[in-house]
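# Coordinate inspection notes
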Amino acid sequence: MDEFDVVVLGTGAAGLTAALAAADAGASVGLFEKSSLVGGTTCLSSGVAWLPDNRYAREAGVADSRAEGIRYLRSLSRDMIRPGMAEAFVDGTAEVTEWLERRTPLHLSLVPGYPDYHPEHPGGKPQGGRSVEPHLFGFDALGAWADRLEGRPRRMMVRETPVGGGTGVVAPNEADRREAQRLEGLGRAMIGALLKGCLDRSTEPVTDAAAVELVQDGDRVRGVRFADGSAVSARRGVVLATGGFEWDPGLVRDFLRGPMSYPATVPTNTGDGLRMAMKAGARLGNMREAWWVPVCVLPGQSNHGEQAVHLVLRERTLPGSIMVNRDGVRFTNEAANYNALGGAFHQLDPGSFDYVNDPCWLVFDARHVEEYGGFTLPPGQAPEGAQRGDSVGELARAIDVEPATLEAEVTRFNALAKAGDDEDFGRGRSAYDGFVGDKRHYPGAASTLGPLERGPYYAVRLHLSTLGTKGGPQTDVDGSVFTVDGDPIPGLYAAGNAMAGPTGMVYGGAGGTLGPALVFGYRAGRAAASGGRR
Ligand SMILES: Cc1cc2nc3c(=O)[nH]c(=O)nc-3n(C[C@H](O)[C@H](O)[C@H](O)COP(=O)(O)OP(=O)(O)OC[C@H]3O[C@@H](n4cnc5c(N)ncnc54)[C@H](O)[C@@H]3O)c2cc1C
């Protein structure tokens, strides 16, 4: 049986950071991945990490502090965040970024101006300063591993895309240079750089290795058994970094607080780490929560043969669109951050005992299509499969909504949009709202408020999906997993979406999932390497 000091399960941001931190602390590390490709959902992501009180903001002249970061998380906690975890996260950002810059090829910089997701809360940052992203990374450095990452090459940084405040266009000669040098940005750049750091420390992932069981000697975790019957031993610790449980329908039913469909993550995230931790007697936390996001279904398949979906972010923020429920009525600020919108989708009516805002339709007009496109299409193209009507009434009939209701709703919204203030739901009042809207009018409500006046009108069905669940074993600030009685399970650690999310229901800002994954991945890897003697 192979023996290591530390065994890490999963090769997303949390797993690779834990493996790197353990190897950097002198441990021999076994790194195992269930899929045939490495990088998990992190490779599909934009790679943005939300890190309060970071040095990149300081260098750019943005004022932030430990106290402000903690105050912000506390203001949103609703008593679901354990204060020690929030403090450890904020305290960890400086050390982790300094370590990443010094000891790995991952280099980060600010996504300029990206507001926090609740910027008007105490300690929030309306002008941004907490969202950082990887520099372009050259995949040639990965040798044969360059072709073994999840996802597809994307040769841009977030700041260059419309979501990050850019145009989405890279000059042709620069695009050619990136292609020739195999430079990539976003999530694959983060994984590429972290993987390179691991390879440089002789820590090479073993793929097609699905861990199914912890090997225990009394309480102590001593190793891991895999689906093929093989096993490895871990002298000091095992780190669970196996992502969330969103692809296991039974776990989703048992734990999530409301409906969720079409997960946007890698389908290998089936809660294996959660199951292993439960069998070892772990205390669980944050189980009802996920990183919620509205999506629409696209024609065809992607992501290992699953239904292709598109994260609906800009389309519902841009002027000329509203979201309505099954009754044809608006129910929320459409431009609010995707995670917080989960609460609106989960609104249960006590009388009908039904989720009243599901189904949800994004309704928009011809001007929206002509000016913005969307749904991965350029301006001028309406999405395939959208419902269509020459008038609002005709569209209403197509989506089985009372025509007079939808007509009244559009008339009301148009009046509010023209007056420049959404009195009903406050769309456009937050500095966050219009950031991914019409940049010509940002900051200002007109970046997201605009009437629906020109037919034909369209409706696309939105579903509440997830970027990953965020419940799992509860841990201390170094990722050491607790038993139900609150004692540590010797030798067992968790990080990333496999752990009880340290930020409760909150998505602090762009990068709100990868920020904690880097910090707690680092802490767990380091603690595992020390055998819990820190
Ligand atoms: C389109 C998109 C964009 C996003 N953009 C951002 C963003 O910019 N910023 C941000 O903060 N978040 C973003 N997210 C969310 C973010 O990607 C995830 O929350 C994050 O990647 C989770 O990291 P992780 O390491 O915990 O899990 P993952 O990256 O999913 O990695 C888990 C790995 O564990 C492996 N695994 C599972 N079971 C086993 C097992 N039994 N044995 C061994 N290995 C196993 C999986 O195959 C997978 O490779 C985005 C998500 C999507 C879908």
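Since the model is a prediction, treat every value here as computed from it, not as a measurement.

Looking now at the overall build of the chain. A tally of helices and strands in the chain yields 15 helices and 23 strands. By the compact-globule yardstick of 24 Å for 534 residues, the chain fits well, its C-alpha radius of gyration being 23 Å. Along the first, second and third principal axes, the C-alpha atoms of the chain reach 70 × 60 × 45 Å. Pairs at least 24 residues apart make up 74% of the contacts formed inside the chain by residues separated by at least 6 positions. With the model as given, the accessible surface of the chain reaches about 19700 Å², and the carbon-plus-sulfur share is 49%. The chain carries 54 positive and 66 negative side-chain charges, and their two centres are separated by 4 Å.

Before going further, it helps to spend a moment on the environment of Gly511. Mapped onto the secondary structure, Gly511 falls in the loop between strand S23 (488-494) and helix H15 (514-529). As for Gly511 and Gln474, which are separated by 37 residues in sequence, their C-alpha atoms are 22 Å apart. Those residues in contact with Gly511, other than ones at most four positions away along the chain, are Val48, Ala49, Trp50 and Pro516.

Further remarks concern the packing of aromatic side chains. Inspection of every chain in the model, using the stated rule, returns 18 aromatic pairs. The interplanar angle of 50° and the centroid separation of 4.8 Å between the aromatic rings of Phe32 and Phe226 together place this pair among those described as tilted. Of this pair, Phe32 sits in strand S2 (residues 29-32) while Phe226 is found in strand S10 (residues 220-226), placing the two residues 194 residues apart along the sequence. Each member of the pair, Phe32 as well as Phe226, carries the same accessibility label: buried. A centroid spacing of 5.0 Å and a plane angle of 75° characterise the contact between Trp291 and Tyr507, whose relative ring orientation is edge-to-face. With Trp291 in strand S13 (residues 290-302) and Tyr507 in the loop between S23 and H15, this pair connects stretches of sequence that are 216 residues apart. Residue classification places Trp291 among the buried residues on the basis of a relative accessible area of 3%. One aromatic cluster in this structure is built from Tyr114, Tyr117, Trp291, Tyr338, Tyr432, Phe435, Tyr442 and Tyr507. Its guanidinium or amino end placed over the ring of Tyr72, Arg130 lies 5.5 Å from that ring's centre, counting from NZ or CZ. Taking NZ or CZ as reference, Arg148 lies 4.3 Å from the ring centre of Trp145, over its face.

Summarising the element assignment, Asn414 is placed in helix H14 (residues 403-419). Each residue touching Asn414, except ones within four places of it in the same chain, is listed here: Pro451, Leu452 and Glu453.

Moving on to the pattern of salt bridges. Tallying each qualifying case throughout the model produces 47 salt bridges. The shortest N-O distance in the salt bridge between Arg188 and Glu184 comes to 2.8 Å. Of the two residues, Arg188 and Glu184, neither departs from the other in class, the shared state being buried. One salt bridge connects Asp248 with Arg275, and the closest N-O pair in it is separated by 2.5 Å. Linking Asp248 in the loop between strand S11 (231-240) and helix H8 (249-255) with Arg275 in helix H9 (residues 272-279), this pair joins segments that are 27 residues apart in sequence. By relative accessible area, which is 17% here, Asp248 ends up buried. Taken together, the shared-partner salt bridges in this structure form one network comprising Glu3, Asp5, Arg235 and Arg236.

Moving on: empty space enclosed by the protein. Per the counting criterion, the structure on display carries two cavities of 30 Å³ or more. In this structure, the largest cavity spans a volume of roughly 60 Å³. Around the largest cavity, the lining residues are Trp291, Lys470, Gly496, Asn497, Met499, Gly501, Pro502, Thr513, Pro516 and Ala517. In terms of residue class, the lining of the largest cavity is built from five nonpolar, four polar and one charged. Volume-wise, the second largest cavity comes out at about 30 Å³. As for the second largest cavity, its lining consists of Gly243, Gly244, Phe245, Gly271, Leu274, Gly471, Gly472, Asn497 and Ala498. In terms of residue class, the lining of the second largest cavity is built from three nonpolar, six polar and no charged.

On to the site of the ligand. The ligand sits among 36 residues. The nearest are Glu33, Thr42, Thr268, Thr513 and Leu514. Between an oxygen atom of the ligand and a main-chain N or O atom of Ala14, the distance comes to 3.1 Å. Asn497 is positioned with one of its backbone polar atoms (N or O) 2.9 Å from an oxygen atom of the ligand. Bound to the protein, the ligand loses 95% of the 1000 Å² it would expose on its own. At the level of secondary structure, the elements contributing two or more residues to the shell around the ligand comprise helix H1 (13-24) and helix H2 (40-44). Broken down by element, the shell around the ligand gets its largest block of residues, four residues, from H2. For the shell around the ligand, a count of residues per class yields 14 nonpolar, 19 polar and three charged.

Pairing within the open sheet is antiparallel, and its three strands lie in the order S3-S5-S4. Since the sheet does not close on itself, it has two edges, and those belong to strand S3 (49-50) and strand S4 (108-110), each with one partner. Strand direction decides the pairing type here: S3 and strand S5 (residues 131-134), joined by two bridges, are antiparallel. From the neighbouring strand, Trp50 faces S5, where its bridge partner is Ser131.

Thresholds, definitions, all that
- Residues numbered from 1 in each chain as written.
- Predicted model: local features only at pLDDT ≥ 70, side-chain atom pairs only at ≥ 80, totals over all residues.
- Heavy atoms only, no water.
- Helix = DSSP H or I, 4+ residues; strand = E, 2+ residues; numbered from the N terminus.
- Rg over C-alpha atoms; globule rule 2.2 N^0.38 Å.
- Contact = heavy atoms within 4.5 Å.
- Areas by Shrake-Rupley, 256 points an atom, 1.4 Å probe, with all protein chains shown as cover.
- Lys, Arg positive; Asp, Glu negative; His and termini not counted.
- Charge placed at Lys NZ, Arg CZ, Asp CG, Glu CD.
- Phe/Tyr/Trp six-rings, centres within 6.5 Å; stacked < 30°, edge-to-face > 60°.
- Buried < 20%, exposed > 50% of the residue type's maximum accessible area, 1.4 Å probe, protein only.
- Lys NZ or Arg CZ within 6 Å of the ring centre and 35° of its normal.
- Salt bridge = Lys/Arg side-chain N within 4 Å of Asp/Glu carboxyl O.
- 1 Å grid on protein atoms, 1.4 Å probe; cavity = no way out; pocket = protein on both sides within 12 Å on 5 of 7 lines; lining within 4 Å.
- Points joined across faces, edges and corners; volume = space filled by probe spheres on them.
- Nonpolar A, V, L, I, M, F, W, Y, C, P; charged D, E, K, R; others polar.
- Near = heavy atom within 4 Å.
- Polar contact = N/O pair within 3.5 Å; in protein donor to acceptor, adjacent residues only side chain to side chain.
- Pairing = 2+ DSSP bridges.

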